[in-house]
Amino acid sequence: MDKLQILKTFIGKEFTKSPSPFMKWLNPVVISAEEGQIEFQYTVREEWLNPMGNLHGGVTAAIIDDVIGATMFSLNEKTFIVTVNNSIDYFSTAKENDNIVAETKIIKRGKQFVNAQCEIWNADKTRLIARGTSNLFKINN
């Protein structure tokens, strides 16, 4: 079974088979998975909050980086793909126990580099919380 098919078996469930210990800690639920496009849902936990009681920007950045990594997983590349940089814009907040949705897409898939985007929304997708873009580099294992 290829990597994308593994992701698809978890649609509607927590992604417990991630090779990333960090992703297991984030504990996403797979909403959808296609080649180069992933949608995960997260429940904001107390340890993810800043002193104001909002989703911490660093956790938001980590979610964006991690779900974009899962998107690279969905490409079934023979090489490993690593993050070169992330650029994130923050638009709104989320509170403890809020469900948030992270959606990714590939902007450009080249021979050596991939550019990807992730948007984080509130549960009903009426409020954009953050948008991030990443450049990633293909390396040999």
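Let me sum up the structure you'll find in this document. Remember, it's a predicted structure, so these values are computed and weren't measured experimentally. (Residues numbered from 1 in each chain as written. Predicted model: local features only at pLDDT ≥ 70, side-chain atom pairs only at ≥ 80, totals over all residues. Heavy atoms only, no water.)

## A short note on the pattern of salt bridges
Under the defined criterion, the tally for this structure stands at 8 salt bridges. The residue E77 makes a salt bridge to R109 at a minimum N-O spacing of 2.9 Å. Placement of the pair is E77 in the loop between α3 (57–74) and β3 (80–90) and R109 in strand β4 (residues 99–109), with a sequence separation of 32 residues. One continuous salt-bridge network, built from bridges that share partners, spans E35, E77, R109 and K138. (Salt bridge = Lys/Arg side-chain N within 4 Å of Asp/Glu carboxyl O. Helix = DSSP H or I, 4+ residues; strand = E, 2+ residues; numbered from the N terminus.)

## Notes on the nonpolar core
Ranked by internal contacts, the top residues of the largest apolar core, which has 36 residues, are F40, Y42, I63 and I100. The biggest single contributor to this core is α3, with 9 residues. With residues up to four places along the chain from it excluded, the contact list for F40 reads L7, F15, M23, P28, V29, V30, I31, V67, A70, I100, V101 and A102. (Core = buried A, V, L, I, M, F, W, Y, C linked by side-chain atoms within 4.5 Å. Buried < 20%, exposed > 50% of the residue type's maximum accessible area, 1.4 Å probe, protein only. Contact = heavy atoms within 4.5 Å.)

## Here we look at unusual backbone geometry
Even without a glycine there, the phi angle at N97 is positive, about 75 degrees. Along the chain, the position of N97 falls in the loop between β3 and β4. On the basis of relative accessibility, which here comes to 58%, the residue N97 falls in the exposed class. Here K125, not a glycine, exhibits a phi torsion of approximately 60 degrees, which is positive. Mapping K125 onto the fold places it in the loop between β5 (113–122) and β6 (128–139). Look at K125 and you get partly exposed, because its relative accessible area is 33%.

## A few points about the side chain of N122
By the element assignment, N122 lies in strand β5. Among the polar contacts listed, one links the side chain of N122 to the side chain of D124, at a separation of 2.9 Å. Every residue in contact with N122, bar those within four places of it in the chain, is listed here: N99, V101, R127 and I129. (Polar contact = N/O pair within 3.5 Å; in protein donor to acceptor, adjacent residues only side chain to side chain.)

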